[in-house]
Amino acid sequence: MYDYDSDMRIPEESRQNMDLPAIEEAIRMILKAIGEDPDREGLLETPQRVARMYAEVFSGLHRDIKKDIKVFTEPGNDEMILIGDIPFYSMCEHHLLPFHGKAHVVYIPKDGKIFGLSKVARIVDTLSRKPQLQERLTSEIADQIIDCIDAAAVCVVIEAEHLCMTMRGIKKPGSKTVTSAMRGGCRTDARTRNEALALINRQRGC
């Protein structure tokens, strides 16, 4: 078995909370079950590679997202802030196939509380690194922003392509799924919501 504890490329939270040798053994069983030989040269290290990959792509399951958040106070700042075109990669929980795309986040600060710009991207990245649904991911991003800074308004739009639709099943490559989540003023006030969506659509080139 591979010594995962000494591999510093593996996120600390994954080394502590994931049974990586069990993942390795499970991949060997899957290879056998589909009629492959896990001991042939090309597959010998595949179970280890998959275990290390899972340690990375599912690291959000065990990460405390608030460790990555930096909040600043900018008195009087109550204007819309857009962080757009945030790339992300996640794994659909139904087939464990990737879905990927871009997230667009608009929020209006309350009491001058704002994020460091990279921290919104960090929220997206951490929440995407676990078995996910696009609809849930969209809501979790919006809820996390509310939880961290109690924003006056939040609008999150995600557009993504799902490999479970493009490489299997209906096989429609290029098709995109778009989801949105509104919180605070973006949910209760039509003018605020429309302004946020217009800002995002300009970013998307719509």
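(A) Representation of the overall build of the protein chain within the structure. Looking only at helices and strands, one finds eight helices and seven strands in the protein chain. Dimensions of the protein chain, computed from the C-alpha atoms along their principal axes, are close to 65 × 40 × 20 Å. The burial tally for the protein chain puts 43% of its 206 residues in the buried class. Nonlocal contacts in the protein chain, meaning residues at least 24 apart in sequence, comprise 67% of its contacts between residues at least 6 apart. Taken as a whole, the protein chain presents about 11200 Å² of accessible surface, with 50% of it coming from carbon and sulfur. Separation between the mean location of the 29 positive side-chain charges and that of the 32 negative ones in the protein chain comes to 4 Å.

(B) Local environment of the packing of aromatic side chains. The tally for this structure, following the rule as stated, stands at four aromatic pairs. Measuring from centroid to centroid gives 5.6 Å for Tyr-107 and Phe-115, while their planes differ by 80°, and the two rings are edge-to-face. Here the two residues Tyr-107 and Phe-115 agree in accessibility, since each one is buried. Over the aromatic face of Tyr-2 sits the side chain of Arg-52, whose NZ or CZ is 5.0 Å from the ring centroid.

(C) Region of interest: the pattern of salt bridges. All told, the structure shown has 14 salt bridges when counted by the stated rule. Two residues, Arg-63 and Glu-13, come together in a salt bridge whose shortest N-O distance is 3.3 Å. Here Arg-63, found in the loop between α3 (46-57) and β1 (71-73), pairs with Glu-13, found in helix α1 (residues 12-17); they are 50 residues apart in sequence, far enough to count as distant. Using a relative accessible area of 33% as the deciding quantity, one classes Arg-63 as partly exposed.

(D) Broad picture of helix α5 (residues 134-149). Taking 1.5 Å per residue as the helical rise, α5 with its 16 residues ought to reach 22 Å, and the 23 Å between its terminal C-alpha atoms agrees with that figure. Just beyond α5, the residue with positive phi is Asp-150, at close to 50°.

(E) Main features of the state of the cysteines. Under the criterion given, the structure shown has zero disulfides. Unpaired in this structure, Cys-164 has its nearest cysteine sulfur neighbour in Cys-92, at a distance of 4.3 Å. Since its relative accessible area comes to 13%, Cys-164 is described here as buried.

(F) Structural context of the pairing of strand β2 (residues 81-92). Of the pairings in the sheet, the one linking β2 to strand β3 (residues 98-108) comprises nine bridges and is antiparallel in character. Following the sheet pairing, Ile-81 is matched in β3 by Tyr-107. One ladder, built from two bridges, connects β2 with strand β5 (residues 131-132); its direction is parallel. Its bridge partner being in β5, Cys-92 is matched across the sheet by Gln-132.

(G) The arrangement of the sheet that holds strand β6 (residues 153-162) in detail. As summarised here, the arrangement of the five strands in space is β5-β2-β3-β6-β7, forming an open sheet in which the pairing is mixed. Here the strands that pair on one side only, and so sit at the sheet edges, are β5 and β7 (177-184). Most of the contacts of helix α4 (residues 117-128) go to β2, to which it runs at about 20°, and overall it touches β2, β3 and β5.

(H) Region of the structure containing the confidence of the model for the protein chain. Across the protein chain, the average pLDDT comes to 94, with 100% of residues at 70 or higher. When the elements of the protein chain are averaged for pLDDT, helix α6 (residues 163-166) gives the smallest value, 89, and β5 the largest, 98.

Criteria and cut-off values
Residues numbered from 1 in each chain as written. Predicted model: local features only at pLDDT ≥ 70, side-chain atom pairs only at ≥ 80, totals over all residues. Heavy atoms only, no water. Helix = DSSP H or I, 4+ residues; strand = E, 2+ residues; numbered from the N terminus. Buried < 20%, exposed > 50% of the residue type's maximum accessible area, 1.4 Å probe, protein only. Contact = heavy atoms within 4.5 Å. Areas by Shrake-Rupley, 256 points an atom, 1.4 Å probe, with all protein chains shown as cover. Lys, Arg positive; Asp, Glu negative; His and termini not counted. Charge placed at Lys NZ, Arg CZ, Asp CG, Glu CD. Phe/Tyr/Trp six-rings, centres within 6.5 Å; stacked < 30°, edge-to-face > 60°. Lys NZ or Arg CZ within 6 Å of the ring centre and 35° of its normal. Salt bridge = Lys/Arg side-chain N within 4 Å of Asp/Glu carboxyl O. Expected span 1.5 Å × (residues − 1). Disulfide = S-S within 2.5 Å. Pairing = 2+ DSSP bridges. Axes fitted to C-alpha atoms, helices over the stretch in contact; angles between N-to-C directions. pLDDT = per-residue confidence, 0-100.

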